[in-house]
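# Geometric and topological summary
Here is how the chains run, residue by residue.
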Amino acid sequence: MMIEVLKSKIHCARVTEANLNYMGSITIDEDLLDAANMIPGEKVYIADNNNGERFETYIIKGERGSGKICLNGAAARKVQPDDIVIIMSYALMDFEEAKSFKPTVIFPDPATNKVVK
């Protein structure tokens, strides 16, 4: 049996931009992607801590070191700059494998969105 489990999470990142006039997606700083074990094109679920919105989209790679978290297109209507969001991705895996799997969870600096080591 296959089940869906949390694979990666960027916990409490700050939205830096909301760009309504761009094709839908979320742009994420490449440093955050690497640290969270996420890749461009990957489907992600987003929870906005400020307003309770939850939605899904896909990742676009942002400039490395920029701290950028930008919601694009229709998703831009669901957030405001400076909102705090949780960005999660999931993976399908065998039930037995899932029992011992450990997701990658990162906690970026709340002011800069830089990777905290």
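Worth saying up front: this structure is predicted, and the values here are computed from it rather than measured.

### Focus: unusual backbone geometry
Although it is not a glycine, aspartate 82 sits at a positive phi angle of roughly 80°. Residue placement: aspartate 82 occurs in the loop between strand S6 (69–72) and strand S7 (84–94). Look at asparagine 113: it is not a glycine, yet its phi comes out positive at around 65°.

### Things to note about the packing of aromatic side chains
Inspection of the entire model under this criterion finds one aromatic pair. An angle of 80° between the planes, with centres 5.2 Å apart, marks the rings of tyrosine 45 and tyrosine 90 as edge-to-face. In this pair, tyrosine 45 is assigned in strand S4 (residues 43–48) and tyrosine 90 in strand S7, connecting sequence segments 45 residues apart. Assessed through its relative accessible area of 34%, tyrosine 90 is described here as partly exposed.

### Quick notes on the UniProt feature "binding site: substrate" (unreviewed entry) in the chain
Feature annotation in UniProt assigns "binding site: substrate" (unreviewed entry) to the following positions: Thr57, Gly73, Ala74 and Ala75. Separation in sequence by 19 residues is not matched in space for these annotated residues, since their most distant C-alpha atoms are only 10.1 Å apart. Along the polypeptide, alanine 74 turns up in the loop between S6 and S7. Inspection of the secondary structure puts alanine 75 in the loop between S6 and S7.

Rules used in this analysis
- Residues numbered from 1 in each chain as written.
- Predicted model: local features only at pLDDT ≥ 70, side-chain atom pairs only at ≥ 80, totals over all residues.
- Heavy atoms only, no water.
- Helix = DSSP H or I, 4+ residues; strand = E, 2+ residues; numbered from the N terminus.
- Phe/Tyr/Trp six-rings, centres within 6.5 Å; stacked < 30°, edge-to-face > 60°.
- Buried < 20%, exposed > 50% of the residue type's maximum accessible area, 1.4 Å probe, protein only.
- UniProt positions renumbered as here; feature names shortened; annotations may be inferred.

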